[in-house]
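The chain contents come next:
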Amino acid sequence: ETGVTQSPTHLIKTRGQQVTLRCSSQSGHNTVSWYQQALGQGPQFIFQYYREEENGRGNFPPRFSGLQFPNYSSELNVNALELDDSALYLCASSSLGTADEQFFGPGTRLTVL
Amino acid sequence: AQTVTQSQPEMSVQEAETVTLSCTYDTSESNYYLFWYKQPPSRQMILVIRQEAYKQQNATENRFSVNFQKAAKSFSLKISDSQLGDTAMYFCALRQGGSEKLVFGKGTKLTVNP
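Residues numbered from 1 in each chain as written. Chains lettered and ligands numbered in written order. Predicted model: local features only at pLDDT ≥ 70, side-chain atom pairs only at ≥ 80, totals over all residues. Heavy atoms only, no water.

A. Molecular detail of the pattern of salt bridges. Applying the stated criterion to the full structure yields eight salt bridges over all chains. Here Arg50(B) and Glu52(B) are joined by a salt bridge, their closest N and O atoms 3.2 Å apart. Both residues of the pair, Arg50(B) and Glu52(B), belong to the buried class. Sharing partners across several salt bridges, the network here consists of Arg63(A), Glu82(A) and Asp85(A). (Salt bridge = Lys/Arg side-chain N within 4 Å of Asp/Glu carboxyl O. Buried < 20%, exposed > 50% of the residue type's maximum accessible area, 1.4 Å probe, protein only.)

Given below as structure tokens:
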């Protein structure tokens, strides 16, 4: 059983650019949730994908968007990057509708200059 | 709205001693779950312990136990026989029943000293 993986590990972008982060969910899971963790803060929920559709969204602007693929992997896209987008981006996979825990990936550290 | 508050930004404990981390939360739902996650410097969020709100019995996992006070909306984590590997950020989190969304507190940085 493989765990949750994320790529890349680190990323440096400049303000105004676009970025795509990737997440492979744990085997058997059908739901991926994305979180943004600013330095010194707890993770904030961005959105969740279930069966390739967005299934809940936090307080993030539309320039944060995502995709989920038939194999349940997922992408997080951020357009028009701002300095405040610098953070650790975590994805977590789970099985929707069960009481099972979410399993987190190691995160992608995004720095916006 | 759901909120989670951790009032201790940093704590330290001597190896082999016991430490308690505090967490309070607010939700209007009756069906929810509470979690403690550990985030070591490697960044990977690891589940330490979970508690279903409908269960009165406090959860325990080896050296980790919780004190769940539902009426007071309090959910503290007790770590017994602290080990150097327990050094990490600890986050309290709340999940509403039927939702996968986790609401996290700001975390407590725990340092275990030799």
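B. View of the sheet that holds strand β8 (residues 74-78) of chain A. Residues and elements named next belong to chain A. With antiparallel pairing, the four strands of this open sheet are ordered in space as β1-β3-β8-β7. Whereas interior strands pair on both sides, the edge strands pair on one side only; in this sheet they are β1 (5-7) and β7 (64-68). The average undirected angle you get between the axes of adjacent strands in this sheet is 20°. By the bridge criterion, three bridges tie β1 to strand β3 (residues 19-24) in an arrangement that is antiparallel. Bridged to Thr5 within β3 is Ser24. (Pairing = 2+ DSSP bridges. Helix = DSSP H or I, 4+ residues; strand = E, 2+ residues; numbered from the N terminus. Axes fitted to C-alpha atoms, helices over the stretch in contact; angles between N-to-C directions.)

C. Here's a closer look at the packing of aromatic side chains. What the rule picks out here adds up to 13 aromatic pairs over all chains. Here the aromatic rings of Tyr35(A) and Phe45(A) are separated by 5.7 Å at their centres, their planes lie at 65°, and the arrangement is edge-to-face. One end of the pair, Tyr35(A), is in strand β4 (residues 31-37); the other, Phe45(A), is in strand β5 (residues 44-50), and 10 residues separate them in sequence. Here Phe45(A) falls in the buried class, since its relative accessible area comes to 7%. Among the aromatic residues, those joined into a ring-pair cluster are Tyr35(A), Phe45(A), Phe104(A), Phe35(B), Tyr37(B), Phe91(B) and Phe104(B). (Phe/Tyr/Trp six-rings, centres within 6.5 Å; stacked < 30°, edge-to-face > 60°.)

D. Region of interest: the pairing of strand β6 (residues 46-52) of chain B. All names here are of chain B. Among the seven residues that make up β6, five are buried, leaving the element largely enclosed by the rest of the structure. As judged from the six bridges shared by strand β5 (residues 32-39) and β6, these two strands associate in the antiparallel manner. Bridge assignment links Tyr37 to a residue of β6, and that residue is Leu47. Hairpin connection from β5 to β6: six residues lie between these consecutive antiparallel strands, with Arg43 at a positive phi of about 85°.

E. Region of the structure containing the nonpolar core. The biggest cluster of nonpolar side chains holds 26 residues, and the ones touching the most others in it are Tyr25(B), Trp36(B), Phe75(B), Leu77(B) and Tyr90(B). At the level of elements, β3 (19-21), β5, β6, β8 (64-69), β9 (74-79), β10 (88-96) and β12 (108-113) of chain B are the ones that each hand at least two residues to this core. In terms of residues, this core owes the most to one element, β10(B), which gives four residues. Every residue in contact with Tyr90(B), bar those within four places of it in the chain, is listed here: Gln6(B), Leu21(B), Trp36(B), Tyr37(B), Lys38(B), Val48(B), Phe64(B), Leu77(B), Ile79(B), Gly107(B), Thr108(B) and Leu110(B). Formed by 20 residues, the second largest nonpolar core is a distinct cluster that contains Leu21(A), Cys23(A), Ala87(A) and Val112(A). (Core = buried A, V, L, I, M, F, W, Y, C linked by side-chain atoms within 4.5 Å. Contact = heavy atoms within 4.5 Å.)

F. Main features of the side chain of Ser25(A). Residue and element names in this part refer to chain A. Within the secondary structure, Ser25 sits in the loop between β3 and β4. We classify Ser25 as buried; its relative accessible area is 13%. Here Tyr72 takes part through its backbone oxygen, which lies 3.5 Å from a polar atom of the side chain of Ser25. Not counting chain neighbours up to four residues away, the residues in contact with Ser25 comprise Gly3, Val32, Asn71, Tyr72, Ser73 and Ser93. (Polar contact = N/O pair within 3.5 Å; in protein donor to acceptor, adjacent residues only side chain to side chain.)

G. Unusual backbone geometry, seen in detail. Look at the link from Ser7(A) to Pro8(A): it is a cis peptide, with omega at -10°. Along the chain, Pro8(A) falls in the loop between β1 and β2 (10-13). Even without being a glycine, Arg51(A) presents a positive backbone phi close to 50°. Looking at where Arg51(A) falls in the secondary structure, it is placed in the loop between β5 and β6 (53-57). For Arg43(B), which is not glycine, the phi dihedral falls at a positive 85°. Mapped onto the fold, Arg43(B) is located in the loop between β5 and β6. Given a relative accessible area of 13%, Arg43(B) falls into the buried group.

H. Examining the environment of Ser42(B) more closely. Along the chain, the position of Ser42(B) falls in the loop between β5 and β6. Sequence-wise, Ser42(B) and Ala88(B) are 46 residues apart; in three dimensions their C-alpha atoms are separated by 9.4 Å.

Note that every value here comes from positions in space, so none of it alone points to a role or purpose.
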